[in-house]
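So the chains spell out like this:
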Amino acid sequence: SIPDYIGSDMLTDFYLKRLAKSMNDRYAWAQQNGKKLYFVVCPNKASVYGDYLSDYVNPADYTALDQAIDYMNANSSVKIIDLRNVLKSARSVYGDDLYYNYDTHWNANGGFVAYTEIMKHVKADFPNAVVYGKNDFNINYYETYMKDMPYYLGYYDSYYDEGPVYSLKFGPAAVLTEKESDGNYGQYIFCEEWEDGYRDNLIHMKFKSKNESAPSLYMMRDSYAVSLVPFLKESFSESSFDWTYDFSCDEILDSGADVVVFEVVEKALDNLAKGRALS
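So, how was this worked out
Residues numbered from 1 in each chain as written. Predicted model: local features only at pLDDT ≥ 70, side-chain atom pairs only at ≥ 80, totals over all residues. Heavy atoms only, no water. Disulfide = S-S within 2.5 Å. Helix = DSSP H or I, 4+ residues; strand = E, 2+ residues; numbered from the N terminus. Expected span 1.5 Å × (residues − 1). Buried < 20%, exposed > 50% of the residue type's maximum accessible area, 1.4 Å probe, protein only. Polar contact = N/O pair within 3.5 Å; in protein donor to acceptor, adjacent residues only side chain to side chain. Salt bridge = Lys/Arg side-chain N within 4 Å of Asp/Glu carboxyl O. Phe/Tyr/Trp six-rings, centres within 6.5 Å; stacked < 30°, edge-to-face > 60°. Lys NZ or Arg CZ within 6 Å of the ring centre and 35° of its normal.

## Some points on the state of the cysteines
- Scanning the model with the defined rule gives 0 disulfides in all.
- Distance from the sulfur of Cys191, which forms no disulfide, to the nearest cysteine sulfur (Cys42) is 19 Å.

Next up, the structure:
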């Protein structure tokens, strides 16, 4: 994420055009099939907590994500839901407790802030969408397995951290109805299994909610959605989540979704634009 922060990975016009065309094609297909597409970019930890980086690492005034947003706004029907500002603003409430201490990912507080912002956009288009507020949840802290930085350096067991877990006060609205895993890998070998069988390492999952009048969701996502799934699954009548950047028309149609969310972390935007993560 350092190249993103210092602006050394700026995108050429060729790759900006490639990204815009790909997203325009996806948006057009979604419209033709009665669906609404949302493109969400999750900020790198450094984009929110850059003041913790060394003084030798100077932030850029204009980044590749800024480039992509400006280009997409001018040349695409798809607008990027940029979560950087809402996460930065949330520091006034959560302080340092939006991302895990020893991990590059946000925790459930960060996920809740992002969920709230995403649902503002969805709610504007789908009034029946259910949006839960912070007062709807019990929030407790538990030891977390999310420690990817010491894990990849070989010091996983030397560090301890806790993270917030949100649970609806009246009980879960959604239940897991379908799941698929391609096995354990990385730090996800340590994640726990919930009572309904959900694990953070699942590459595919589907939920059915009590909110039957709400729209349905299909989401293409990466690891940053680990802290989004627990919120989004509650808000839609049905929700499907696939850990992929592939845009599978068949999967989306099979899901029956009204809402299609394409989520990518900021540091993967470069690969996305250059076609290394586009299908």
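## A look at helix 6 (residues 108–125)
- Helix length check: helix 6 (18 residues) gives 25 Å between terminal C-alpha atoms against 26 Å at 1.5 Å per residue, within 8%.
- Among the residues of helix 6, those classed as buried are Ala108, Asn109, Gly110, Gly111, Phe112, Val113, Ala114, Tyr115, Glu117, Ile118, Met119 and Val122.
- Capping the start of helix 6, Asn107 holds a side-chain oxygen 2.9 Å from the backbone nitrogen of Asn109, two or three residues further along.

## Thoughts on the pattern of salt bridges
- Inspection of the entire model under this criterion finds 8 salt bridges.
- For the salt bridge of Lys274 with Asp270, the shortest nitrogen-to-oxygen distance reads 3.2 Å.
- Since its relative accessible area comes to 29%, Lys274 is described here as partly exposed.
- The class for Asp270 is buried, based on a relative accessible area of 17%.
- Taken together, the shared-partner salt bridges connect Asp66, Asp82 and Arg84 into one network.

## Re the packing of aromatic side chains
- Throughout the structure, instances matching the rule amount to 29 aromatic pairs.
- Between Phe39 and Phe262, the aromatic rings sit 5.6 Å apart at their centres with planes inclined by 55 degrees, giving tilted as the arrangement. With Phe39 in strand 1 (residues 36–42) and Phe262 in strand 9 (residues 259–265), this residue pair connects regions lying 223 residues apart in the sequence. We note that Phe39, like Phe262, is buried.
- Judged by centre distance (5.5 Å) and plane angle (20 degrees), the rings of Phe112 and Tyr166 are stacked. Of the two residues, Phe112 sits in helix 6 while Tyr166 sits in strand 4 (residues 162–168), which places them 54 residues apart along the sequence.
- Residue class for Tyr166 comes out buried when judged on its relative accessible area of 8%.
- Through successive ring pairs, a cluster of aromatic residues spans Phe112, Tyr115, Tyr132, Phe137, Tyr166, Phe170 and Phe231.
- Arg26 extends its terminal NZ or CZ atom over the ring of Phe262, reaching a point 4.7 Å from the ring centre.
- Directly above the ring of Tyr156 sits Lys147, whose terminal nitrogen or CZ lies 4.1 Å from the centroid.

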